[in-house]
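# Secondary and tertiary structure notes
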Amino acid sequence: MTPDLSRLLQPESIAVVGGGSWCEQVVTQSKRMGYQGSIWPVHPNAEQIAGHAAFSSLDELPAAPDAAFIGVNRHLTVDLIKTLATMDAGGAVCFASGFSEASAEDETGRSLQEQLIQAAGEMPILGPNCYGFINALDGALLWPDQHGASPVDKGVAILTQSSNIAINLTMHKRALPIAYMVTCGNMAQTSQAQIATALLDDSRVTAIGLHIEGFKDIREWEALASKAYQKGIPLIALKVGASEHAQSATVSHTASLAGSDAGAQALLNRLGIPRLSALPDFLETLKLLHVYGPLPGLNIAAISCSGGEASLVADMAIGTGLTFPPLSEDKSTRLRQALGPMVALNNPLDYHTYIWRDEGAMTKAWSGMTGEDIDLTIAIVDYPTTDPTDWVCTIKAALNTRAQTGARFVVAATLPELLPEDIAEELLAGGVVPMMGLRETLAATRAAGQIRPPSQVPVCLPGLTTATKTLTEAESKQTLAAIGLRVPQSRTVTNEDAISLAIQELDAPLAVKGVGLAHKSEHSAVRLNVQPEDVPKIALEIGTSEILIEEMIDGAVAELLIGVIRDSAHGFVLTLGAGGTLTELLRDSVSLLVPSSSEEVRSALGHLRIAPLLNGYRGQPAAQLQGILEAVEAVQSYVIKNAETLGEVEINPLLCTPEKAVAADALIRKA
């Protein structure tokens, strides 16, 4: 359940407990931002702090504060939080460090964190070890340091665990209105997802950016994504760090393929939250979303007075998923009227400089690159750092285009520093998005066009037991066959008599494998296309106490890997990829979370580089897709039924033929 953070984040009264420059800054920054509420410094010895009369204790305050900044040491913090909770305060920021984020050997820190949580009870707290927050809408700053925020009527919210990154982001010169900057600290009680969920209730918030170090509670993130989508407030993420699940799962190829970050990416995909990889991209995406919200698609148009820039943006968009639709007849007609016969009409368009300074002609040309088939039009303009007077025509043309067409329109500088902040603010005020950096513009456009409704199916959460038992290949296949996976006919043998019986019951050619080895091919313990009479000799050469003999599957057009690994931070990661002996060499894979629908699995398979093989490459027969989907469904069913004890399951390879999909090898690791 999301705690009520309204009093804390939009306070009418603020208590600042402690002295020194940090607490003085909290008072000073709120006054500078025009905060209209009450500010009550609390210090046992000071008469005043930053011009405000000080109270000697919390008990002397006129009323329970809506928000309190606790700027004292970690031991006193616990006692003060207990007092505030007893007073029915609205919430508090715990500035002190030295709690659970301290070194692993610090028993005191861990103990104090537990005491802090108990002391707070139902009263929400931010931190400990955090700077607090900036509310630039109401001028409330529980913030002990300098910053670059300014008062705004509406804007984006940014949440991060890093106070230093928070400061840096407020110092941007990108004309992005920041309504809230919230640092979450070590999230002893109130999580990042809970804070973001609370901010969704402020109608002045246009978008939320999340700098995420880890997902604390998947159910909270699912609830956040659902509420945000329902309210029409887009979420984006800059995810750093990674879980360590793959480091311990070394038995299978899946662990190597999925890597440490696959679960985080799969979760964000499932939540419909685009992921950015750099802070400039993060800020530019928030700016685009602040003005226009999510883009309906990834069709873009670009116009520039330079052929070099037109070529540059076309090349930079390769691999991003952004597309440049060809010019329609209507667009070509309008552009020809504006530009005359000497300009070659394309998208991206180099309109040369024939119409430079002609505001009307520039407006017609730029408007000509908009339309219902274009999700975003980008005018590339770099303003000189010397004398920008001759570039005033571009500002007017951009604002005119937006006003006359109502189209989503961007003015983008190829270099971030070539779009001055005052010009950016003028464009933003007129509904044109000023974007700093061409690479950043494309990254932001891609992200804004990737926002999707979150999955309504909850992620399957794993249990806590340690997976220590690895089933043999035969045991794994039998287990999975019981829930619908197709496997070859096989026999497990331990002596010559059993071998003789097995080769009579199975159809040649045969596969002969050693039992009990993690990577059999590395030990020359897999022999294929074996004739019955050669089985005894080959079994002796392999040398394991048990031998698996099974019928070969002919006619495979592709080999797939289906793997699932328990990831305690994100659920069960389902990896689909190119299978067989070259799995790790090809590293062709996609990851989802369990459970994933047949439609999601089908789409994921289409993103593999070997997808053409599955679909029938150069006249070859296609694999039976239904058989592949049924195999994936069987694996997911087993995972869901055994979520409490399962560590991992892998099929590699799944032999995909035009008629069926058969698991040629399987592994299960469980408690």
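Procedures and definitions
- Residues numbered from 1 in each chain as written.
- Predicted model: local features only at pLDDT ≥ 70, side-chain atom pairs only at ≥ 80, totals over all residues.
- Heavy atoms only, no water.
- Pairing = 2+ DSSP bridges.
- Helix = DSSP H or I, 4+ residues; strand = E, 2+ residues; numbered from the N terminus.
- Axes fitted to C-alpha atoms, helices over the stretch in contact; angles between N-to-C directions.
- Buried < 20%, exposed > 50% of the residue type's maximum accessible area, 1.4 Å probe, protein only.
- 1 Å grid on protein atoms, 1.4 Å probe; cavity = no way out; pocket = protein on both sides within 12 Å on 5 of 7 lines; lining within 4 Å.
- Points joined across faces, edges and corners; volume = space filled by probe spheres on them.
- Nonpolar A, V, L, I, M, F, W, Y, C, P; charged D, E, K, R; others polar.
- Patch = residues over 30% accessible without salt bridge, like charges linked within 9 Å, V, L, I, M, F, W, Y side chains within 5 Å.
- Areas by Shrake-Rupley, 256 points an atom, 1.4 Å probe, with all protein chains shown as cover.
- Salt bridge = Lys/Arg side-chain N within 4 Å of Asp/Glu carboxyl O.
- Polar contact = N/O pair within 3.5 Å; in protein donor to acceptor, adjacent residues only side chain to side chain.
- Core = buried A, V, L, I, M, F, W, Y, C linked by side-chain atoms within 4.5 Å.
- Contact = heavy atoms within 4.5 Å.
- Parallel < 35°, antiparallel > 145°, perpendicular 65-115°, else oblique.
- Left-handed = near helix turned anticlockwise from the far one by under 90°.

## Details of the sheet that holds strand S23 (residues 526-530)
Within the open sheet, the 4 strands sit side by side as S21-S24-S22-S23. Their pairing is antiparallel. Edge strands, defined here as strands with exactly one partner in the open sheet, are strand S21 (490-493) and S23. Going across the sheet, the axis of each strand differs from the next one's by a mean of 15°, ignoring polarity. Across 3 bridges, strand S22 (residues 510-514) lies against S23 in antiparallel orientation.

## Observations concerning helix H10 (residues 262-271)
With 8 of 10 residues buried, H10 is to be regarded as a mostly interior element. Among the residues of H10, Ala262, Gly263, Ala264, Ala266, Leu267, Leu268, Arg270 and Leu271 are the ones counted as buried. Of the residues flanking the end of H10, it is Gly272, one or two places downstream, whose phi is positive at about 75°.

## Brief notes about empty space enclosed by the protein
As enumerated under the stated definition, the model contains 1 cavity of 30 Å³ or more in all. Approximately 30 Å³ is the volume found for the largest cavity. Lining of the largest cavity is provided by Ala301, Pro325, Pro326, Leu327, Lys331, Asn347, Met369, Asp373 and Ile374. Split by residue class, the lining of the largest cavity holds 6 nonpolar, 1 polar and 2 charged.

## Observations regarding a nonpolar patch on the surface
A surface patch of nonpolar side chains, amounting to about 300 Å² of accessible area, comprises Leu582, Leu585 and Leu586. Position of Leu586 among the secondary structure elements: in helix H21 (residues 583-586). Residue Leu586 is classed as partly exposed on the basis of its relative accessible area, which comes to 38%.

## Brief notes about the side chain of Gln194
Within the secondary structure layout, Gln194 lies in helix H6 (residues 192-199). A distance of 3.0 Å separates a polar side-chain atom of Gln194 from the backbone nitrogen of Ser191.

## As for the nonpolar core
Judged by nonpolar contacts, the single largest core of 140 residues is most densely connected at Leu159, Ile208, Leu339 and Trp366. Residues contacting Leu159, with those up to four places away along its chain left out, are Val182, Cys184, Gln192, Ile195, Ala196, Leu199, Ile208, Gly209, Leu210 and His211. One finds Ala558, Val590, Ile610 and Ala631 within the second-largest nonpolar core, a separate group that totals 40 residues.

## Observations regarding the packing of helix H14 (residues 359-367) against helix H15 (residues 392-405)
Put simply, H14 and H15 touch, their axes get as near as 8 Å, and they point 50° apart. Overall, the two elements H14 and H15 adopt an arrangement that is oblique. In terms of crossing hand, the pair formed by H14 and H15 is right-handed. Within the contact between the two elements, H14 uses Glu359, Met362, Thr363, Trp366 and Ser367 and H15 uses Cys393, Thr394, Lys396, Ala397, Ala398, Asn400, Thr401, Gln404 and Thr405.

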